[in-house]
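# Results of the structural survey
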Amino acid sequence: MTITIDNYRPGDEERMKDIAARAFSRFTREGLDFMLPRDKVEDAFREEVQSYTRRAQEQTEGLGVFVARRDGQVVGHIALVVNQGRSQQFGMKWGILASLVVDPDYHHQGIGTALIKRAMEWFREQRCEYVEVSTDQNNIAAIRAYEAAGFRVIYSGLTLSQKLSD
Ligand SMILES: CC(C)(COP(=O)(O)OP(=O)(O)OC[C@H]1O[C@@H](n2cnc3c(N)ncnc32)[C@H](O)[C@@H]1OP(=O)(O)O)[C@@H](O)C(=O)NCCC(=O)NCCS
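Residues numbered from 1 in each chain as written. Predicted model: local features only at pLDDT ≥ 70, side-chain atom pairs only at ≥ 80, totals over all residues.

### Quick notes on the overall build of the protein chain
Of the regular secondary structure elements, the protein chain holds five helices and five strands. Relative to a compact globule of 166 residues, whose C-alpha radius of gyration would be 15 Å, the protein chain shows 16 Å and is just as compact. C-alpha extents for the protein chain along the principal axes are approximately 50 × 40 × 30 Å. Per-residue burial over the protein chain gives 28% buried out of 166 residues. (Helix = DSSP H or I, 4+ residues; strand = E, 2+ residues; numbered from the N terminus. Rg over C-alpha atoms; globule rule 2.2 N^0.38 Å. Buried ≥ 20, exposed ≤ 12 C-beta atoms within 10 Å, placed from the backbone.)

Quick look at the structure:
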C-alpha cells in the first residue's frame, strides 16, 4: 500500500465529495445540527468540496487543496486558505486550515497526519506566520492530529440553536 499526498486534480472532486459526506455526518460541524435533514447536511459538505475545487481550478491565490491517494485512489483531502482580512488586520499572513477529511474506511492509518504535514509545509511556503484550525471539542482524532502538528487549543465555544416551527 502506498500513500501519496499531492495537489488536487480536476476529476478528484466526486470521490472527495463522497468522502466528505460520509466522514463528516457524525459531527454537528459548523452548527449543522443533528435535527436538520441528513441529506441536506451531506449536500452542504458536498457543496463545500465543490467550492474549494472550483476555486482551485480557477487557481485562486492563497488557496491550497491537497489530496491523499492510496494506490492512486483518493482517500482524503485538506483545504487551506490565506485569510486576506485577518492578514491585513493583524499585519501578518494568517492561514486557516479550512477542511480536513479522510475516508472512514482508512482512518487511523496516518493519512490525516500526512495531510496536515503537507499543509504545514504549504503554510510555510506561503510565508504564513500564524495558522488556525477549528474543530469540534469531541473530535478526538482531529484534536490529537492537530496537537501533534504543534497546534494548541485557544478557545472552546458553543453554538446554540432552536427550531421555531413544529
Ligand atoms: C480527523 C481525521 C481526519 C483523522 O484522520 P486519520 O487518517 O484517521 O488520522 P491519523 O491516522 O493520522 O491519526 C491521527 C490521530 O488521531 C488518532 N485517531 C485516529 N482515529 C481515531 C479514532 N477513531 N479514535 C481515537 N483516536 C483516533 C490517532 O491515534 C492519531 O493520534 P496519535 O498519533 O496520538 O495516536 C479523520 O478522523 C476524519 O476524517 N474525521 C472526519 C472528518 C473530520 O473530523 N475532520 C476534521 C475536522 S476539522
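### A word on helix 4 (residues 111–125)
The terminal C-alpha atoms of helix 4, which comprises 15 residues, lie 21 Å apart, in line with the 21 Å expected from a rise of 1.5 Å per residue. Within the span of helix 4, buried status applies to I111, G112, L115, I116, A119, W122 and F123. Taken down its axis, helix 4 places every buried residue within 130° of arc, on the same side. Opposite its buried face, helix 4 presents the exposed residues R124 and E125, each directed more than 90 degrees away. Just downstream of helix 4, R127 is the residue with a positive phi angle, here 65°. (Expected span 1.5 Å × (residues − 1). Arc of directions from axis to C-beta.)

### Some details on the site of the ligand
Taken together, 21 residues lie near the ligand, and H107, G112, T113, A141 and R144 sit nearest. Mapped by element, the contributors of at least two residues to the shell around the ligand are helix 1 (13–24), strand 4 (94–102), helix 4 and helix 5 (140–148). Per-element tally for the shell around the ligand: the top contributor is helix 5, with six residues. Tallied by class, residues from the shell around the ligand come to 12 nonpolar, eight polar and one charged. (Near = placed C-beta within 6 Å. Nonpolar A, V, L, I, M, F, W, Y, C, P; charged D, E, K, R; others polar.)

### Remarks on the nonpolar core
A20, F66, I78, L80, L115 and A119 are the most contacted members of the largest nonpolar core, which has 35 residues in total. Listed by contribution, the elements that provide at least two residues to this core are helix 1, helix 2 (38–57), strand 2 (63–70), strand 3 (73–82), strand 4, helix 4 and helix 5. Excluding anything up to four places from it in sequence, A119 contacts F66, I78, L80 and L97. (Core = buried A, V, L, I, M, F, W, Y, C linked by C-beta atoms within 7 Å. Contact = placed C-beta atoms within 7 Å.)

### What about the sheet that holds strand 2?
An order of 1-2-3-4-5 is seen for the five strands of this open sheet, with the pairing classed as mixed. Every other strand in the sheet has two partners, leaving strand 1 (3–7) and strand 5 (130–132) as the edge strands with one partner each. Strand-to-strand twist of the sheet, defined as the mean angle between neighbouring strand axes without regard to direction, takes the value 25°. Pairing of strand 3 with strand 4 involves seven bridges; the strand directions are antiparallel. From the neighbouring strand, G76 faces strand 4, where its bridge partner is V102. Lying on the sheet, helix 2 is in contact with strand 2, strand 3 and strand 4; it crosses strand 2 at an angle near 110°. Sheet strands touched by helix 4: strand 1, strand 2, strand 3, strand 4 and strand 5. Its angle to strand 3, the strand with the most contacts, is close to 35°. (Pairing = 2+ DSSP bridges. Axes fitted to C-alpha atoms, helices over the stretch in contact; angles between N-to-C directions.)

Fair warning: the whole summary comes from geometry, so function is off the table for now.
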